[in-house]
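# Structural overview for review
Listed here are the chains, written in short residue letters.
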Amino acid sequence: RLPLLKESTHIAFCMKTLELWNEMVKPFESQLRKSIIYNDANDYNIIVRPGCGGEYPTLSGFVDFGDALYSYTVADLAVAIAYIILDRDDPLMAALEVVRGYNRIMPLQPLEADILMILVRARLSMSITIAAGQQQERPQDDYLTVSQLPITRTLAAIEAVDTDLAAVMFREACGLPVNDRFSRSGRYLAENGHMAFPVTGISPDDSRFMVLDLSVEGN
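Computed from a predicted model, the values in this text were never measured in an experiment.

### Structural notes on the side chain of E112
Mapped onto the secondary structure, E112 falls in helix α4 (residues 110-137). There is a polar contact of 2.7 Å between the side chain of E112 and the side chain of R33. Setting aside residues up to four positions removed in sequence, E112 forms contacts with L32, R33, V74 and P107.

### Observations regarding the pattern of salt bridges
Opposite charge on two side chains permits pairing when their charged atoms draw close. With the rule as written, the count across this model stands at seven salt bridges. For R123, the salt bridge is made with D40, and the minimal N-O distance between the two is 3.2 Å. Placement of R123 in helix α4 and of D40 in the loop between β1 (34-37) and β2 (46-49) is noted, with a sequence separation of 83 residues between them. Assessed through its relative accessible area of 12%, R123 is described here as buried.

### Some words on the environment of T9
Summarising the element assignment, T9 is placed in helix α1 (residues 8-25). Judged by relative accessible area, T9 falls into the partly exposed class, the value being 47%. Counting along the chain gives 146 residues from T9 to L155, while the straight-line C-alpha distance between them is 7.9 Å.

### Re the nonpolar core
Grouped together as the largest cluster of nonpolar side chains are 45 residues, with contacts concentrated most on I81, L116 and F170. Secondary structure elements with two or more residues in this core: α1, α2 (73-84), α3 (91-105), α4, α5 (148-159) and α6 (163-173). The dominant element in this core, judged by the number of residues it contributes, is α4, at 11 residues. Discounting residues that sit within four places of it in the chain, F170 has contacts with L92, A95, L96, V99, A113, L116 and M117.

### Re the packing of α2 against α3
Each pair of packed helices can be summarised by the angle the axes make with each other and by the distance between the axes. In the contact formed by α2 and α3, the axes pass within 9 Å of each other and the chain directions differ by 145 degrees. The two elements α2 and α3 cross, and the hand of that crossing is right-handed. When α2 is examined against α3, the residues T73, L77, I81 and I84 are found in contact with a partner set consisting of A95, V98, V99 and Y102. By residue class, the composition of the contact of α2 with α3 is seven nonpolar, one polar and no charged.

### Observations regarding the side chain of T154
Looking at the element boundaries, T154 is found in helix α5. Only 2.6 Å separates the side chain of T154 from the backbone nitrogen of D87, close enough to count as a polar contact. Those residues within four positions of T154 in sequence are excluded, and the remaining contacts are I85, L86, D87, R88 and P91.

Basis of the calculations
- Residues numbered from 1 in each chain as written.
- Predicted model: local features only at pLDDT ≥ 70, side-chain atom pairs only at ≥ 80, totals over all residues.
- Heavy atoms only, no water.
- Helix = DSSP H or I, 4+ residues; strand = E, 2+ residues; numbered from the N terminus.
- Polar contact = N/O pair within 3.5 Å; in protein donor to acceptor, adjacent residues only side chain to side chain.
- Contact = heavy atoms within 4.5 Å.
- Salt bridge = Lys/Arg side-chain N within 4 Å of Asp/Glu carboxyl O.
- Buried < 20%, exposed > 50% of the residue type's maximum accessible area, 1.4 Å probe, protein only.
- Core = buried A, V, L, I, M, F, W, Y, C linked by side-chain atoms within 4.5 Å.
- Axes fitted to C-alpha atoms, helices over the stretch in contact; angles between N-to-C directions.
- Left-handed = near helix turned anticlockwise from the far one by under 90°.
- Nonpolar A, V, L, I, M, F, W, Y, C, P; charged D, E, K, R; others polar.

This is the structure:
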């Protein structure tokens, strides 16, 4: 349904997501855990029991199981993150909180952590493209814009999240070892960092630099 998209930012986001999927997800599909997943965890489908006596509200249940299917287990987490990060100034930090909580109950595998942000993008891309078709069929249905408006508002911030950085941070949040590509870089820097030339051309020690206090208190 890409031809139905009108916003250039939506088109670019979906095309980039497809590129990432073909490069980072598709070759490893057979290695991913699969199970029956809810596939629609969002704030419109959650039933919350109010807290009593100063207690926090608690999760009571879910509604709308129409999207349940057999798929990648980690996709359930990706769907929840896709909705939670909307209208957040820092989508990656918001995603990390969800990953930490999920991992305590359902530990992620390294590959799942590596592709999670791409799956999040995939869910948002699906929402964008499916809504474009639905809006063409039912232009008077305001409910179709419930997710689309926050997606549009947050898309630039989500696009700015580097998927490699997200993979590293998700692994760290889950106590998983660093991805091989980054561990090789770390070893190289550890072994050869002493040969790096200072960016300023001189050694940065206290005798050569003055710290300026630019805060309000520093006037």
